[in-house]
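Now for the letters of each chain:
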Amino acid sequence: MRPALVLLPGLLCDGALWAPQVAGLADACEPWVADLTRDDSMQAMAQRVLDEAPAGRFALAGLSMGGYVALEIMRQAPARVTRLALLDTRARPDSPDEIERRRTLMRIAEAARGFAPVNRRMLPLLVHISRQSDEQLVRTIQEMADRTGIPAYLRQQNAIMSRVDFRPVLRTIDCPVLLLCGRQDAITRVSLHEEMASAVPHARLEIIEDCGHLSTLERPAEVNAALRHWLEA
Ligand code: MLT
């Protein structure tokens, strides 16, 4: 039987973030994408994933905010997780400046009643410079934001801002861990992944070249190869 693979999207993202992995890894696992739009704390998001995910144990992969939720799952129910992949994410909490930037983005989205101005500000941080005018990629990002909507965005940002410092969790993880990061990730930088790799007992760090924060969409072939190796190791 193929193992269950629980996939956790990032902020303002949904199943489209993981579509290349669902398509490319279906022979190696049973992928299941969580809905992280309904809660306003990491604890509640993690609890909902644990309640709604396929019964029993699963492999767990999260990108960015999905990585924060994955680390919260490692706090709440490590016995459910057979292996963990943390993509373009971090264990550290927000700095006061980051919280201020989030509050500004939340005000902008609420005032505009949409994501056009937020996406304009975020795109240079989200994807590699060579892909910032890739119409299909940009459209996918915009459509995920529109499907998520403002109320869910505000819930997600509140959950992100109030998350705990997950660094103490890293030392307790005893399953195989893949840490993966785009070389040019401008939101959760390579150095943050190196820091996590030095704290996790059984971690492998994979850097994807010419790639920003949304690695699953930007470099699906390379990301799928890394995930396949992690799933089959
Ligand atoms: C994400 O992609 O989930 C966000 O960049 C996470 C964050 O803003 O911390």
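What you are looking at is a predicted structure, and each value in this text was computed from that prediction instead of being measured.

(A) View of the site of the ligand. By nearness alone, every residue bordering the ligand is listed as G10, L11, S64, M65, Y68, R90, R102, I160, I187 and H213. Between the ligand and M65, the relevant distance is 2.8 Å, taken from an oxygen atom to a main-chain nitrogen or oxygen of the residue. Here an oxygen atom of the ligand sits 2.5 Å away from a polar atom, N or O, in the side chain of Y68. When isolated, the ligand has an accessible area of 270 Å², and the protein chains bury 94% of it. Assessed atom by atom at 2 Å from the grid points, the ligand resides in the largest pocket.

(B) Quick look at unusual backbone geometry. Of note in the backbone geometry, L12 takes a positive phi value of approximately 60 degrees without being a glycine. Its place among the elements puts L12 in the loop between β1 (4-8) and α1 (19-24). Judged by relative accessible area, which is 10%, L12 ranks as buried. Even without being glycine, R113 reaches a positive phi, approximately 50 degrees. By secondary structure assignment, the location of R113 is in the loop between α4 (96-112) and α5 (116-126). Relative accessible area serves as the criterion here: at 76%, R113 is assigned to the exposed category.

(C) Fine view of the nonpolar core. Counting residues in each nonpolar core, the largest one holds 44 residues, and the members touching the most others are Y153 and W230. What Y153 contacts, discounting residues up to four positions off in sequence, is L11, L12, L105, M106, A109, F115, V118 and T148. Ranked by size, the runner-up nonpolar core spans 36 residues in total, among them I73, A91, A159 and L179.

What counts and what doesn't
Here the residue numbering is sequential within each chain, running from 1 through the sequence in written order. In view of the model being predicted, local features appear only for residues whose pLDDT reaches at least 70, and side-chain atom pairs are presented and counted only at 80 or more, with totals across whole chains, interfaces and linings using the full set of residues. Side-chain measures here rest on the full set of heavy atoms in the structure, leaving out hydrogens and waters. One heavy atom within 4 Å of a molecule or strand is enough for the residue carrying it to be called near that molecule or strand. Two N or O atoms form a polar contact when they lie within 3.5 Å of each other; inside protein one atom must be a possible hydrogen donor and the other a possible acceptor, and for residues adjacent in sequence the pair counts only when both atoms belong to side chains. Residue exposure ignores everything except the shown protein chains as possible cover, and the areas themselves are Shrake-Rupley values with a 1.4 Å probe. We place a 1 Å grid over just the protein atoms. Points where a 1.4 Å probe fits but has no way out form a cavity, open points with protein on both sides within 12 Å along at least 5 of 7 lines form a pocket, and any residue with an atom within 4 Å of a point lines it. Cavity and pocket membership follows a simple rule, namely that a molecule belongs there if more than half of its atoms are within 2 Å of the grid points. What counts as a helix is a DSSP run of H or I of at least four residues, what counts as a strand is a run of E of at least two, and both are numbered from the N terminus. The buried label goes to any residue with under 20% of its type's maximum accessible area, the exposed label to any with over 50%, and the partly exposed label to all in between, with areas taken from a 1.4 Å probe on protein chains only. Among buried residues, the Ala, Val, Leu, Ile, Met, Phe, Trp, Tyr and Cys ones that are joined through side-chain atoms within 4.5 Å form a nonpolar core. The contact rule is simple, with two residues in contact once any of their heavy atoms fall within 4.5 Å.

Purely spatial values, then, with no claim about function.
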